[in-house]
Amino acid sequence: MKNLTLDNITAAAVDSFAGLPDARRRELVQVLVRHLHDYAREVRLSHAEWRAALGFLHRVGDISTPERSEFSLLSDVTGLSSQVDLLWSQAGATPGSNLGPFHAAGSPWRDNPADLIGDNAGTRVLLRSRVLDMQGQPLAGAEVDFWQNAADGLYWQQDPRQPTDNLRCRLRTAADGSFEIATIRPVPYQIPTDGPAYLELVQPAGRGSWRPAHYHLIVSMPGHRTLVTEVFDAEDTYLERDAVFGVREALVGRYADEHDPAAAQRLGLPGPTVPVMRMDFRLAQA
Ligand code: BEZ
Ligand code: FE
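The residue numbering used here restarts from 1 in each chain and proceeds along that chain's sequence as written. Each chain is given a letter, starting from A, and each ligand a number, starting from 1, according to the order in which they appear as written. Note on the predicted model: pLDDT of at least 70 is required for a residue's local features to be given, and 80 or more for side-chain atom pairs to be given and counted; whole-chain, interface and lining totals, by contrast, use all residues. Derived side-chain values reflect all non-hydrogen atoms in the structure, with water molecules and hydrogen atoms excluded from consideration.

A. Seen up close, the coordination of the iron ion (ligand 2). Here a donor is an N, O or S atom found within 2.8 Å of the metal, or within 3.2 Å if the metal is Na, K or Ca; sites may look incomplete because water is not among the atoms. At the metal site, the iron ion (ligand 2) is ligated by Tyr155 (OH), Tyr189 (OH), His214 (NE2) and His216 (NE2), and these contacts range over 1.9 to 2.1 Å. Just to be clear on the cut-offs, tetrahedral is four donors with all angles between 85 and 135 degrees, square planar is four donors and octahedral six with opposite donors over 155 degrees apart and all others between 65 and 115, and anything else goes down as irregular. What the six donor atoms of the iron ion (ligand 2) show is an angle range of 54 to 164° at the metal, which sorts the shape as irregular. Positions of the donor residues of the iron ion (ligand 2) along the chain correspond to the pattern Y-x33-Y-x24-H-x1-H. With respect to class, histidine 214 is no different from histidine 216; both count as buried. Whether a residue is buried, partly exposed or exposed follows from its accessible area with a 1.4 Å probe, protein chains only, as a fraction of its type maximum: under 20%, in between, or over 50%, in that order.

The following block contains the structure:
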């Protein structure tokens, strides 16, 4: 019989997973168990606190559905999602940022330059970008998967008044690595505020529920690391307090009026200028 004490319980629990056949999975589980034990020891976790924590996780599970993952939101509001994004961002490459819950596979392909404005209300703008490698060379034919919210703050999946696939598309970069999207300026919006992640953690901490306005992009090219990122608006009031820690300096762009009568006409603007956000993306080698 092994006499389990405070001095050997952690090693016993860690060792009990030594039989996991996959080495990486073994590491993930064993290190997690070690950190959980360290945590309980450090804070001297009481029975009541331990039961409360389990109850919280139950409520996170209870409100989750295939369309709504409160666990993802919990990861987002604790900064864990962003931590993983930053861990896998390489120096010199464009940093990653939140995927969020509103990406869906199968976005419609559009020609580049793309026009997503359609019947959307809001300020008409252009996103002008290039996709480059780490040496600054253009990546032609890179895939860009783009999505954003509408003027009411909602993504098309959240809002039956928006047409299917509103304000999202896939396109390929041109020979010089460029792409252009005519769209409306995204607006700030709130993370879900009706579940335990917000009601029991974020709100009691006096934190806000808002995310600054942003575009979402997934940029991929064979031989390069796929980049999941966001582009923020330098004029947004929530830039300093993003509820999910997604903002990085390199991802903040500013709209500037550019003299472009042809583009102004295409966008239905009186012209001769159009508000343009310029943001390039650098992909790390795979
Ligand atoms: C989003 O950017 O779409 C998002 C990210 C985290 C939580 C909620 C929304
Ligand atoms: Fe978003």
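B. Main features of a nonpolar patch on the surface. Patches draw on residues past 30% relative accessible area with no salt bridge. Two like charges within 9 Å are joined, as are two nonpolar side chains (Val, Leu, Ile, Met, Phe, Trp, Tyr) within 5 Å. Note that accessible areas follow from Shrake-Rupley with a 1.4 Å probe, and for residues the cover is restricted to the protein chains shown. The salt bridge criterion pairs a side-chain nitrogen of Lys or Arg with a carboxyl oxygen of Asp or Glu, the two atoms within 4 Å. A contiguous nonpolar surface patch, about 640 Å² in accessible area, is contributed by Tyr39, Val43, Leu45, Trp50, Leu54, Leu57 and Phe71. Comment: elements are numbered from the N terminus, with helices defined as DSSP H or I runs of at least four residues and strands as E runs of at least two. Elements with a contribution of two residues or more to the nonpolar patch: α2 (23–43) and α3 (47–63). Examining the composition of the nonpolar patch, we find that three residues originate from one element, α3, more than from any other. Locating leucine 54 in the fold gives a position in helix α3.

C. Seen up close, the nonpolar core. The nonpolar core is taken to be a set of buried Ala, Val, Leu, Ile, Met, Phe, Trp, Tyr and Cys residues, with the residues joined through side-chain atoms within 4.5 Å. Of all hydrophobic cores here, the largest spans 35 residues; its most connected members are Leu127, Val131, Phe146, Phe179, Ile181, Tyr215 and Leu217. Secondary structure elements with two or more residues in this core: β2 (124–132), β3 (143–147), β4 (168–172), β5 (178–184), β8 (214–220), β9 (227–233), α7 (261–266) and β12 (273–278). Core analysis: the next-biggest nonpolar cluster, separate from the first, contains eight residues, Val77, Ala197, Val202 and Ala243 among them.

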